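Listed below, chain by chain, are the residues.
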Amino acid sequence: VKLLRLMSNQLDFGNNNYTFTTFNGSWAREMQRNDRKTLAGTYVSESMDGVSSSKANPFVMIYKNGATENTGECFGINLVYSGNHYEACSVSSFYKMRFVSGINPKGFEFILEKGDVFESPESVMTFSENGFNGMSQNMHNFVREHIVRGTWKNKVRPVLLNSWEACYFDINESKLLKLAKAGKDVGIELFVMDDGWFGKRNDDTTSLGDWYVNKKKLPGGLKNLADKIKAMGLYFGIWVEPEMISVDSDLYREHPDWALEIKEKPHSEGRNQRILDLCNPEVCDHIIETMKKIFSSADISYVKWDMNRIFSDVYSKYLPPERQGEVYHRYVMGLYKIMDTLTKEFPEILFEGCASGGNRFDLGILCFFPQIWASDDTDALYRVTGQTGYSYGYPLSCMGCHVSASPNHQTLRKSPLEARFNVATFGSLGYELNLCDLKKEELLEIKQQVETYKNWRDVILFGSFYRGRRILMHGEHTDYRNDDVFGHGNINEWTCVSKDKKAAVGMIMQAQVEPNKQYEYYKPAGLDENIKYHFTNESKRYNIKNFGDLVNTASPIHVKQDSLLHNIIARHVTMPGESEDYVARGDVLMNGGISLKQAFGGTGYDEFVRYFQDLGSRMYFMEGE
């Protein structure tokens, strides 16, 4: 039997009064929401990248037109699969609609001999008549309870510091220990050594496959470094990319037949690397044994498992010509075998999946790894939209979210440290910047951030998550946009509520300042209507230089911008932030919202005015009395 097409889900609708929502994007621009009314014809979302893909996530929604975050009928559908997938809504000439999803038929053939068995991927489906939030709650609960498994299923995740954007490939033991010490000083719990520790890995052109320690960088090897990190009171983690091979590597020179490549054809390189042929059991066994040696060679508590390119030149030298249509699927099965073996062999290790960021963010990976790096783009404005996109189908505990430097390394956008943290808080928190280069004031702020996250991470990771107003994603247009849901697309609003509803944490973020708009509100969701909550924020102080030339409206002498005098004043004078402090029942907070202190609007500033500029952000805390 030759399989050419085998869907996992078919769902028929009596009419076409629906919208098909997909989540599309690219590297550094994952999970952008796209809504298409199913008027006529066929609407397809698919991946041909060999992975579930940042171009089209396998999670989709179908909702009855007119549905909102909290009202109306909404279906959520996902595929437990990490390879090429296909989702389509097709409207017939009688205006009935059919939805199907499964393995993408393009590039797929599978030959079954007598006695062979083929299992299609499982499809997950949920329905809610309480809008997108109701659907998301169902999906989040299912993923946390039935997809994520193992030791870390219900454990809070440690706050980590990753070396990548602080060092890139230029690492050595001294530099890493100095960075780890700076992390320990601000409350970091896990230090992760990223790329550059193995082979001749000084850039991305070499050494993938040569998983032995570079002794010039780490003279004492992994164990010595791990022991020193542990002695500081930190857990130790490493980065690996086991599925890849560099042409400039000992492994490729020994086994060129282990790479996916078409015979006698130029190879289209991706990030200067090729993909190992996981159709070949010998390759899978080699990866398993190599990773076992690494993971058991030192006290390793965390592994970031990366995969930095999509598929091209898809040809397995292990398979005969008539079975080349099986490569994509057999690769996924080989990957699952590797992951299953290693996660059972090392159950205490926290594995985080990564594929150029979110290029393989799916339920298949989450069956083995309890969290996935959401995106290589850590820019706060992108992340607030990308993490919102993920939140429709995936719980916050699955998302790796880091605070990085400003200007951001992907967009060069400058953003406040407060905003970067507030957005990254809604996930598994990490930091990815050079703490050794930060000012004392920034380190003190980060120390307070880490303490805040530790106090609230149980609510954030395992509570119920609700979207309120949201910033419209780049290029997004919708005909149901209104102020209550979208806030003119300029305000993002999130709330996480504990399982017992006695505690909640919320966040708002503004994309851009709107002139003469001092009024703003925050409206939580999911609270217990009858519990009285103490509603507060963390009052902060702000650098007087943020107010620019306005210092001269209060100074008895003229102060030139960024002069020595200006910097001296800024060292001793800070501007107060507003305090919000109320007690109210849950129904009042949810229905009426909280009218926040007025924002700065051109004149006048004191402790009753909110400093809320471009990317302005606040976190709010609600504790039941």
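Since this is a predicted model, take the numbers as computed values, not measurements.

1. Section: the pattern of salt bridges
So, point 1. Using the criterion set out here, one finds 40 salt bridges in the structure.
So, point 2. Notably, a salt bridge pairs lysine 153 with glutamate 145, separated by 3.5 Å at the nearest N-O pair.
So, point 3. On the basis of relative accessible area, lysine 153 is assigned to the buried category, the value being 18%.
So, point 4. The class for glutamate 145 is partly exposed, based on a relative accessible area of 44%.
So, point 5. Each of the salt bridges in this network shares a partner with another, and the network as a whole consists of Glu113, Arg323, Glu326 and Arg330.

2. Topic: the nonpolar core
So, point 1. Core analysis: the biggest nonpolar cluster contains 141 residues, and Met193, Trp197, Ile238, Phe295, Trp305 and Tyr431 have the highest contact counts within it.
So, point 2. Of all hydrophobic cores here, the second largest spans 19 residues; its members include Tyr466, Ala525, Ile531 and Met590.

3. Notes on helix α9 (residues 380-391)
So, point 1. Counted at 1.5 Å a residue, the expected span for α9 with its twelve residues is 16 Å, and the 16 Å between its end C-alpha atoms agrees.
So, point 2. Of all the twelve residues making up α9, twelve are buried; the element is thus mostly covered by neighbouring parts of the structure.
So, point 3. Taken together, the buried positions of α9 are Ala380, Leu381, Tyr382, Arg383, Val384, Thr385, Gly386, Gln387, Thr388, Gly389, Tyr390 and Ser391.

4. Thoughts on the confidence of the model for the protein chain
So, point 1. Taken over all residues, the pLDDT of the protein chain has a mean of 96, while the share at 70 or more is 98%.
So, point 2. Within the model, the stretch residues 479-487 combines pLDDT values under 50 with 26 contacts to residues more than four positions away or in other chains.

5. Concerning the sheet that holds strand β9 (residues 97-103)
So, point 1. Pairing is antiparallel across the open sheet formed by four strands, whose spatial order is β2-β9-β8-β5. Each edge of the open sheet is held by one strand with a lone partner, namely β2 (7-13) and β5 (41-46). Each strand of the sheet is rotated relative to its neighbour by a mean of 10°, with strand direction disregarded.
So, point 2. Inspection of the sheet shows β2 paired to β9 by six bridges, in the antiparallel sense. The residue bridging leucine 11 from the neighbouring strand is phenylalanine 99, located in β9.

6. Re unusual backbone geometry
So, point 1. With an omega of 0°, the peptide bond between serine 406 and proline 407 qualifies as cis.
So, point 2. Its place among the elements puts proline 407 in the loop between β20 (399-404) and α10 (417-424).
So, point 3. Even without being glycine, asparagine 272 reaches a positive phi, approximately 60°.
So, point 4. Mapping asparagine 272 onto the fold places it in the loop between α5 (250-254) and β16 (274-275).
So, point 5. With relative accessibility at 36%, the residue asparagine 272 sits in the partly exposed group.
So, point 6. The residue serine 356 is not glycine, and still its phi comes out positive at about 50°.
So, point 7. Relative to the helices and strands, serine 356 is located in the loop between β18 (350-353) and α8 (363-366).
So, point 8. Classification of serine 356 as buried rests on a relative accessible area of 12%.

7. Let's talk about the packing of aromatic side chains
So, point 1. Taken as a whole, this structure holds 42 aromatic pairs when the rule is applied.
So, point 2. With a centroid separation of 6.3 Å and an interplanar angle of 65°, the aromatic rings of phenylalanine 20 and phenylalanine 99 are classed as edge-to-face. Remark: phenylalanine 99 occurs in strand β9 and phenylalanine 20 occurs in strand β3 (residues 18-24); sequence separation between them is 79 residues.
So, point 3. Look at phenylalanine 99 and you get buried, because its relative accessible area is 0%.
So, point 4. Seen in terms of ring centroids, phenylalanine 295 and phenylalanine 351 are 5.8 Å apart; in terms of plane orientation they differ by 70°. Their pairing is edge-to-face.

8. A short note on the state of the cysteines
So, point 1. Counting across every chain of the model gives zero disulfides.
So, point 2. Cysteine 279 carries a free sulfur, and the closest cysteine sulfur to it, the one in cysteine 284, is 8.2 Å from it.
So, point 3. Not part of a disulfide, cysteine 354 finds its nearest cysteine sulfur in cysteine 401, a span of 13 Å.

9. Remarks on the sheet that holds strand β14 (residues 235-240)
So, point 1. Taken in spatial order, the eight strands line up as β12-β13-β14-β17-β18-β19-β20-β21 and close into a barrel, and their pairing is parallel. Within the sheet, the average angular offset between the axes of one strand and its neighbour, ignoring direction, is 30°.
So, point 2. Helix-sheet contacts for helix α7 (residues 327-345) involve β17 (302-305) and β18, and the interaxial angle to β17 is about 175°.

10. Focus on the packing of helix α6 (residues 281-296) against α7
So, point 1. At their nearest, the axes of α6 and α7 sit 10 Å apart, and the two run at 25° to each other. One way to sum up the angle between α6 and α7 is to call them roughly parallel. For the element pair α6 and α7, the recorded crossing hand is right-handed. Where α6 approaches α7, its residues Cys284, Asp285, Ile287, Ile288, Met291, Lys292 and Phe295 are matched on the opposing element by Gly334, Lys337, Ile338, Thr341, Leu342 and Glu345.
So, point 2. The residue makeup of the contact of α6 with α7, split by class, is seven nonpolar, two polar and four charged.

11. Describing the pairing of strand β31 (residues 617-624)
Sheet faces and side chains relate simply in a regular strand, where the side chains alternate between the two faces.
So, point 1. By the criterion of burial, β31 is predominantly enclosed, with six of the eight residues buried.
So, point 2. Pairing geometry for strand β24 (residues 503-510) and β31, over seven bridges, is antiparallel. Note on β31: the bridge partner recorded for glycine 506 is tyrosine 620.

12. Some details on the pairing of strand β13 (residues 190-193)
So, point 1. Of the two faces of β13, the one lined by Leu190 and Val192 and the one lined by Phe191 and Met193 are each fully buried.
So, point 2. Relative to β13, strand β12 (residues 160-162) is paired through three bridges, and the arrangement is parallel. The residue of β13 that forms the bridge with leucine 161 is phenylalanine 191.
So, point 3. Relative to β14, β13 is paired through four bridges, and the arrangement is parallel. Bridge pairing links leucine 190 to tyrosine 235 in β14.
So, point 4. Of the crossover connections in this fold, the one passing from β13 over helix α4 (residues 221-231) to the parallel β14 is right-handed.

13. Considerations on the environment of valine 44
So, point 1. Mapped onto the elements, valine 44 comes out in strand β5.
So, point 2. Judged by relative accessible area, which is 33%, valine 44 ranks as partly exposed.
So, point 3. C-alpha of valine 44 to C-alpha of serine 246: the two residues are 202 residues apart in sequence and 35 Å apart in space.
So, point 4. When sequence neighbours within four positions are dropped, the list of residues in contact with valine 44 reads Arg36, Tyr86, Glu87 and Ala88.

The rules behind the values
Residues numbered from 1 in each chain as written. Predicted model: local features only at pLDDT ≥ 70, side-chain atom pairs only at ≥ 80, totals over all residues. Heavy atoms only, no water. Salt bridge = Lys/Arg side-chain N within 4 Å of Asp/Glu carboxyl O. Buried < 20%, exposed > 50% of the residue type's maximum accessible area, 1.4 Å probe, protein only. Core = buried A, V, L, I, M, F, W, Y, C linked by side-chain atoms within 4.5 Å. Helix = DSSP H or I, 4+ residues; strand = E, 2+ residues; numbered from the N terminus. Expected span 1.5 Å × (residues − 1). pLDDT = per-residue confidence, 0-100. Contact = heavy atoms within 4.5 Å. Pairing = 2+ DSSP bridges. Axes fitted to C-alpha atoms, helices over the stretch in contact; angles between N-to-C directions. Phe/Tyr/Trp six-rings, centres within 6.5 Å; stacked < 30°, edge-to-face > 60°. Disulfide = S-S within 2.5 Å. Parallel < 35°, antiparallel > 145°, perpendicular 65-115°, else oblique. Left-handed = near helix turned anticlockwise from the far one by under 90°. Nonpolar A, V, L, I, M, F, W, Y, C, P; charged D, E, K, R; others polar. Right-handed = clockwise from strand over helix to strand, strands pointing away.

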